[in-house]
Amino acid sequence: MDQPTAPVPPPGCPAHQAGGKVPLYGTEFAADPQAYYTYLRHFGPTAPVELAPGVEATLITDYAFALQLLQDSGAFRKDARRWRDLNEGQVPPDSPVVPLLSYRPNAMFSDGAEHLRLRQAITDSMARVDSRKLSRTTEQVSNYLISQFGSRGSADLLGDYAKQLPLFVFNELFGCTADIGDRVVFGITGMFDGVNAEQAVGVMFGAIGELVALKRAKPGDDVPSWLMEHQAKLTDEELVHQIALLLVAGNEPLRNLIGNTLHRLLTHDAYAHQGGLIDEAIDDTLWENPPMQNLAPHYPASDMEFAGQKLHAGDLVMVSFAAANTGPALTAARQAGSNRAHLAWSAGPHACPSKEPARQITVTAIENLLNRLPDVELAVPSESLTWRPGPFNRGLTVLPAKFTPVQNVHRPAPARKEAPVRQEPTATGGRGERGGVWSQFLNWLTR
């Protein structure tokens, strides 16, 4: 009788070593995460992983158990102050994943009544965003970004477009002045790219603190002002942290969703022959290449058994949205027409509160780009594209494209004929001599 073949870790995976945790970082994982998820499924519904050197977690790869955890706020808590390995000094304090997983007084890291109070303020305020205004703003930003590269006939659709568009749209929704907006862009970019991340976070929080003070003195028709008016009566500190959460959680996933959907449209010929081109591509991307592939950190409230695995109070347990979405159990549901049953927006009490605006921004951004650049195509072989390393995000490093050059129809281009200015604020938050990207957009709008 044949013996079953033992699962083999992907090439280069340290799990080849005895007792090695499966790493969710590095270029090998970024190049083919699905190979890792296939291997992880051999452990059962949960698997031992390493998020960064010395940072261990239990990853849920099964859809049903992922849903169970996300919906069980009694057994699993979100407050990261419960993280036992961090409390006991097992996690390197300078680890690149600590800034994203560490406790902050916001809705993402709270439980019970406190979570309900903070989340209600967020959902009520975001519900006041006018969908028509959101579409107009997104189209304006799209036209501006295209005006920066359209006459060249080539662009990096990630760095020149997908990365910048969400930042600009959210700066508008949040009523950021030019100087504050420049520093928010700088802070979020630095935090996720891991370039002086701690310093970048400091710049961002300083800018948001100024935004709160500005809106206290002069409220406007924007999200921070609506948060201030809310019956939750948020303190200034709470306001800063909820605004930071919305800006960060709104920008990074959107950047990847726009980029990953464009990647899908440019590398899959089938979409050219289907109706509902963009909606279909977005749904397929959310299923198969979600912008946040592993996240939703939770901590067992007490020692327990879950999915056949013994967990201890304070263990870091995370959900693999990407693995759960692509598992064998989901194939039948998707074929039956449940095209939005994926977990890309998470689920339960901490599910994304802004998935409709996020989808609207993505549709408008891609629709406007394809209308303005109808013959856009990939400028390099698809197999040469590379993905950003890291356990949480799923996003390309670049997306080079070419197209017939277009003249700027909607507004005059800035006087400079150079590539888009990437001059960011200095480390202290001041602007470079030519100003930051948000300042340039505001100047362009008033020409």
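Anything mentioned here points back to the structure above.
Rules of the game
Per-chain numbering applies: the sequence of each chain, read as written, is numbered from 1 onward. In view of the model being predicted, local features appear only for residues whose pLDDT reaches at least 70, and side-chain atom pairs are presented and counted only at 80 or more, with totals across whole chains, interfaces and linings using the full set of residues. Heavy atoms from the whole structure form the basis of all side-chain values; hydrogens and water molecules are not counted. Helical segments are the DSSP runs of H or I of at least four residues, strand segments are the runs of E of at least two, and each set is numbered from the N terminus. Expected span of a helix: the number of residues minus one, times 1.5 Å. With a 1.4 Å probe rolled over the protein chains alone, any residue whose accessible area is under 20% of its type maximum counts as buried; one over 50% counts as exposed, and the rest are partly exposed. Think of it as the arc spanned by the lines of direction from the helix axis to the C-beta atoms. Two residues form a contact once any of their heavy atoms are found within 4.5 Å. For two strands to be treated as a pair, DSSP must find at least two bridges joining them. We call a set of buried Ala, Val, Leu, Ile, Met, Phe, Trp, Tyr and Cys residues a nonpolar core when their side-chain atoms join them within 4.5 Å. For Phe, Tyr and Trp, rings pair up if their centres lie within 6.5 Å, where Trp contributes its six-membered ring, and each pair is then called stacked (planes under 30 degrees apart), edge-to-face (over 60) or tilted (otherwise). Should the NZ of a Lys or the CZ of an Arg lie within 6 Å of a ring centre and within 35 degrees of the ring normal, that charge is described as sitting over the ring. Between N or O atoms, a polar contact is any pair within 3.5 Å; within protein, one atom must be a potential hydrogen donor and the other a potential acceptor, and residues adjacent in sequence are included only when both atoms are from side chains. Every axis in this analysis is a line fitted to C-alpha atoms, fitted for helices over the stretch in contact. Angles between the N-to-C directions lie between 0 and 180 degrees. An angle below 35 degrees is treated as roughly parallel, one above 145 as roughly antiparallel, one from 65 to 115 as roughly perpendicular, and anything else as oblique. Whether a crossing is left-handed or right-handed is set by the direction in which the near helix is turned from the far one by less than a right angle, anticlockwise for left-handed and clockwise for right-handed. Nonpolar residues are Ala, Val, Leu, Ile, Met, Phe, Trp, Tyr, Cys and Pro. Charged residues are Asp, Glu, Lys and Arg, and all others, Gly as well, are polar.

**Here's the deal with helix α6 (residues 112–126)**
- Look at α6: 21 Å from first C-alpha to last across 15 residues, which is about the 21 Å you get at 1.5 Å a residue.
- Every buried residue of α6 is listed here: His115, Leu118, Ala121, Ile122, Ser125 and Met126. All buried residues of α6 fall inside an arc of 135° around its axis, so they share one side. Exposed residues lying more than 90 degrees from the buried face of α6 are Gly112, Ala113 and Leu116.
- Buried residues in α6 make contact with α12 (223–229) and α13 (236–267).

**Describing the pairing of strand β9 (residues 317–320)**
- Residues Val317 and Val319 of β9 are buried on one face, and the alternating residues Met318 and Ser320, pointing to the opposite face, are buried as well.
- In this structure, strand β3 (residues 55–60) lies alongside β9, joined through three bridges in parallel fashion. In the strand pairing of β9, Ile60 is matched with Val319.
- Note: strand β6 (residues 294–300) against β9, three bridges, orientation antiparallel. Each bridged residue has a counterpart across the sheet, and for Leu295 the counterpart in β9 is Val319.

**Topic: the nonpolar core**
- Counting residues in each nonpolar core, the largest one holds 82 residues, and the members touching the most others are Phe149, Leu157, Tyr161, Leu165, Phe174 and Leu399.
- Top element by residues in this core is α13. It accounts for 14 residues.
- By size, the runner-up hydrophobic cluster in this structure holds 47 residues, among which are Val22, Val49, Trp287 and Ala307.

**Some thoughts on the packing of aromatic side chains**
- Counted according to the given criterion, the structure contains 10 aromatic pairs.
- Ring geometry for Phe65 against Phe306: centres 5.6 Å apart, planes inclined by 75°, an arrangement best described as edge-to-face. Placement of the pair is Phe65 in helix α3 (residues 63–71) and Phe306 in strand β7 (residues 304–306), with a sequence separation of 241 residues.
- Centroid distance Phe76 to Phe306: 5.1 Å. Interplanar angle 75°. Geometry classified as edge-to-face. Here Phe76 is found in strand β4 (residues 76–77), whereas its partner Phe306 is found in strand β7, with 230 residues between them in sequence.
- An aromatic cluster is built from Phe29, Tyr36 and Tyr37, whose rings are joined through pairwise contacts.
- Cation over ring: Arg81 sits above Tyr103, and NZ or CZ is 3.9 Å from the ring centre.

**Describing the side chain of Gln293**
- Mapping Gln293 onto the fold places it in the loop between α14 (277–288) and β6.
- Owing to a relative accessible area of 3%, Gln293 belongs among the buried residues under this scheme.
- Only 2.8 Å separates the side chain of Gln293 from the backbone oxygen of Asn393, close enough to count as a polar contact.
- Discounting chain neighbours no more than four positions away, the residues touching Gln293 are Phe29, Pro33, Tyr37, Val319, Ser320, Phe321, Ala322, Gly390, Pro391, Phe392, Asn393 and Arg394.

**Some details on the sheet that holds strand β5 (residues 154–156)**
- One open sheet accounts for three strands, arranged β5-β11-β10; its pairing is antiparallel. Bordering the open sheet on either side are β5 and β10 (377–378), each of which pairs with just one other strand.
- Note that β5 and strand β11 (residues 400–402) share three bridges and pair antiparallel. Bridging from a neighbouring strand, Ser154 pairs with Lys402 of β11.

**Structural notes on the packing of helix α7 (residues 131–149) against helix α17 (residues 355–372)**
- The contact between α7 and α17 brings their axes to 9 Å, and the two run at 40°. In terms of their interaxial angle, α7 and α17 are classed as oblique. With respect to the hand of their crossing, α7 and α17 are arranged in right-handed fashion. Touching Ser131, Leu134, Ser135, Thr138, Glu139, Ser142, Asn143, Ile146 and Phe149 of α7 are Pro357, Gln360, Ile361, Thr364, Ala365, Asn368, Leu369 and Arg372, all from α17.
- Taken together, the residues of the contact of α7 with α17 break down into seven nonpolar, eight polar and two charged.

**Side note on unusual backbone geometry**
- A positive phi is found at Ala307, a non-glycine position, where the angle reads about 55°.
- In this structure, Ala307 sits in the loop between β7 and β8 (309–311).
- Although it is not a glycine, Ser346 adopts a positive phi angle of roughly 65°.
- Here Ser346 lies in the loop between α16 (328–335) and α17.

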